[in-house]
Amino acid sequence: MKKIVYSLIGLVVFGAISCSSDYTKTDLNDDFSTEKIADLARFPEAAMNFTNSLAAGTNNSMITFGIANVDIHEDFGQKAVDIIMDVMGTDIVFPSSNFFVYQYNYTAMVESSGRSALTYNYYGKLAHNANLIIQFAQSAIHDYTNSEIYARALALRGFANFNQMRMLAWGDMGVNYETVDEEGNLILFNNRVDSNTVYQFIENDFLTAYNILQGGSNGGDRQIIDGKTAAGFLSRYYMFQKDWAKAQDYASKALGGQIKANDFDAINKDGFSVLNNVDNMWGIDINGSNTTSFASYFSHMDAFNTGYANYSRTPKLFDARLAAQIAPGDKRRAWVYNGTDTIINYRGETLTGLLPEYTGIKMIDKSAMQGDYIFMRSSEMMLNYIESAFENGDVGAAKSALEEFMATRLPGYSAASLSGNALREEIRVQRRIELWGEGFGLFDIRRWEIPLDRATPFVMKDGTVVESNHGAIPDTKVIYPVGYDKFRFQFPRSEINANLELRPQNP
């Protein structure tokens with residue numbers, strides 16, 4: 001029988017809660033029978049659609065020491081986190097208060113807020129379930145180290161831990177994490193493991209997954225992590241680490257070696273709600289059996305929907321300063337409502353005059369809360385390649401790829417006159433426009449080591465001044481400095497109180 005083995009650092013802490021460390025995986029997770037683990041192993045990616053309903057009653061002691069899940073509307077998995085990371089940035093504006101406002105106004109990341117537990121528990125559970133799949137693979141699959149199930153579980157574990165680190169790591173202080181040894185024992189490190197060690201662990205997971213998966217295929221099922229998706233993870237990871245040569249290389253691998261943009265009209269045709277789109281690399285099919293209805297991505301991001309982004313509630317707006325930088329003729333200008341055009345939504349309702357100026361109308365779900373969740377697109381990999389090539393000194397490749405990318409969005413676009421910092425800023429602006437609402441906002445601000453600026457007016461080339469439209473919510477038209485303390489969440493108070501080794505707390 002496999003056991004849970006705790007690091008020596010954490011044994012004393014756990015001993016205060018339990019008289020024995022001899023626990024099986026079922027003891028620690030009574031919501032997951034062996035049969036359920038076997039089912040999950042066949043499709044590890046299903047864990048991405050983690051919601052309160054799925055997690056209800058789970059005794060996930062290794063992550064939360066038996067603390068119950070927080071009961072918060074925003075707890076609907078990865079796309080909730082994507083919204084969080086964007087509303088904590090500059091490019092999404094709230095015209096009024098609604099869900100996610102506590103992340104928008106930077107009051108949600110303190111230890112006393114259940115919203116700090118939301119993200120911590122989600123990624124902890126995702127990593128833990130990946131470890132259960134790894135355990136299963138070790139016991140049930142001959143030569144498991146060459147198994148695609150094993151590789152996909154490693155990729156998921158790396159994804160979870162990478163996001164946990166980006167949200168919680170503070171300098172040399174990383175996060176607590178769990179792994180599986182060669183005998184199939186779960187090993188939990190309760191303390192704040194130093195950042196370099198955790199990042200090495202994450203990198204190894206991604207690399208191992210890629211090396212196993214690169215020659216295989218997902219059979220056209222974009223729900224399944226394949227070699228290109230694993231390469232995409234590595235591109236994201238190396239960009240965060242500023243290892244630009246590797247980031248460029250793996251972005252190219254994620255694109256299959258073809259630095260070519262998909263046709264924008266094909267990308268845009270279904271409102272980023274259909275997984276089987278030519279641009280999508282990885283996601284989850286949402287249907288009547290797994291939709292979380294009003295607590296869902298499109299409920300909060302589709303202004304035509306009946307959910308919380310609806311005109312009568314809180315549609316998400318583009319920052320006016322970013323919208324002003326979408327060039328005339330750029331097809332993506334259609335993502336920003338100008339406040340006057342006649343709009344008839346997909347239910348035949350006339351919305352003219354009901355949506356505020358700058359409402360984002362990029363995301364459209366015509367399926368009544370069953371829009372698919374997209375986690376990675378080829379267009380992101382093109383942007384990763386462009387930025388990494390530029391920062392790697394491969395400026396010719398960067399400009400060529402940028403022109404290839406923009407050609408389907410803005411006919412006649414040329415980057416010939418751009419160089420140096422002007423080219424860097426152009427690359428960043430095009431990335432912000434393209435990936436608006438997809439979860440990259442705060443992460444990119446941190447990567448670029450720039451202030452979070454929601455206040456300074458933008459001056460156009462012709463001298464026109466565009467004011468920020470942040471500020472409808474008090475204390476949101478702000479400027480936060482590079483490295484601002486609150487760019488990281490604090491560990492949840494329940495976790496800090498239960499685990500004396502998880503110190504020091506983030507500022």
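Reading the values: rules and limits
Residues numbered from 1 in each chain as written. Predicted model: local features only at pLDDT ≥ 70, side-chain atom pairs only at ≥ 80, totals over all residues. Heavy atoms only, no water. 1 Å grid on protein atoms, 1.4 Å probe; cavity = no way out; pocket = protein on both sides within 12 Å on 5 of 7 lines; lining within 4 Å. Points joined across faces, edges and corners; volume = space filled by probe spheres on them. Helix = DSSP H or I, 4+ residues; strand = E, 2+ residues; numbered from the N terminus. Core = buried A, V, L, I, M, F, W, Y, C linked by side-chain atoms within 4.5 Å. Buried < 20%, exposed > 50% of the residue type's maximum accessible area, 1.4 Å probe, protein only. Contact = heavy atoms within 4.5 Å. Phe/Tyr/Trp six-rings, centres within 6.5 Å; stacked < 30°, edge-to-face > 60°. Lys NZ or Arg CZ within 6 Å of the ring centre and 35° of its normal.

Peer 1: Which residues make up empty space enclosed by the protein, and what are the values?
Peer 2: All told, the structure shown has five cavities of 30 Å³ or more when counted by the stated rule. Roughly 340 Å³ of internal volume is contained in the largest cavity. Those elements giving two or more residues to the lining of the largest cavity turn out to be helix 6 (78-87), helix 9 (148-168), helix 11 (227-240), strand 7 (373-377), helix 16 (378-391) and helix 19 (441-448).

Peer 1: Pulling in residues and values, what's your account of the nonpolar core?
Peer 2: With 136 residues, the main nonpolar core has Met-48, Met-85 and Trp-282 as its most contacted residues. Here this core takes 13 residues from helix 9, the largest share from any one element. For Met-85, the residues in contact, after removing those within four places along its chain, are Met-167, Gly-439, Gly-441, Leu-442, Phe-443 and Phe-489. One finds Phe-304, Tyr-337, Ile-343 and Ile-361 within the second-largest nonpolar core, a separate group that totals seven residues.

Peer 1: Break down the side chain of Asn-163 for me, with residues and values.
Peer 2: By the element assignment, Asn-163 lies in helix 9. For Asn-163, the residues in contact, after removing those within four places along its chain, are Tyr-123 and Phe-443.

Peer 1: Please set out the packing of aromatic side chains residue by residue, giving values where relevant.
Peer 2: The description of two aromatic rings rests on the distance between their centres and on the angle between their planes. What the rule picks out here adds up to 35 aromatic pairs. Pairing Tyr-177 with Phe-201 gives two aromatic rings, centres 4.6 Å apart and planes at 35°, and the pair type is tilted. Pair noted here: Tyr-177 is in strand 3 (residues 177-180) and Phe-201 is in helix 10 (residues 195-213), with a separation of 24 residues, a long-range link. Both rings, one in Phe-264 and one in Trp-335, keep their centres 5.7 Å apart while their planes meet at 45°; by these two values the pair is tilted. Of this pair, Phe-264 sits in helix 13 (residues 264-268) while Trp-335 is found in the loop between helix 15 (320-323) and strand 7, placing the two residues 71 residues apart along the sequence. The ring of Tyr-250 carries Lys-253 above its face, with NZ or CZ at 5.2 Å from the centroid. Here the guanidinium or amino end of Arg-431 rests over the ring plane of Phe-440, the centre of that ring lying 5.4 Å away.

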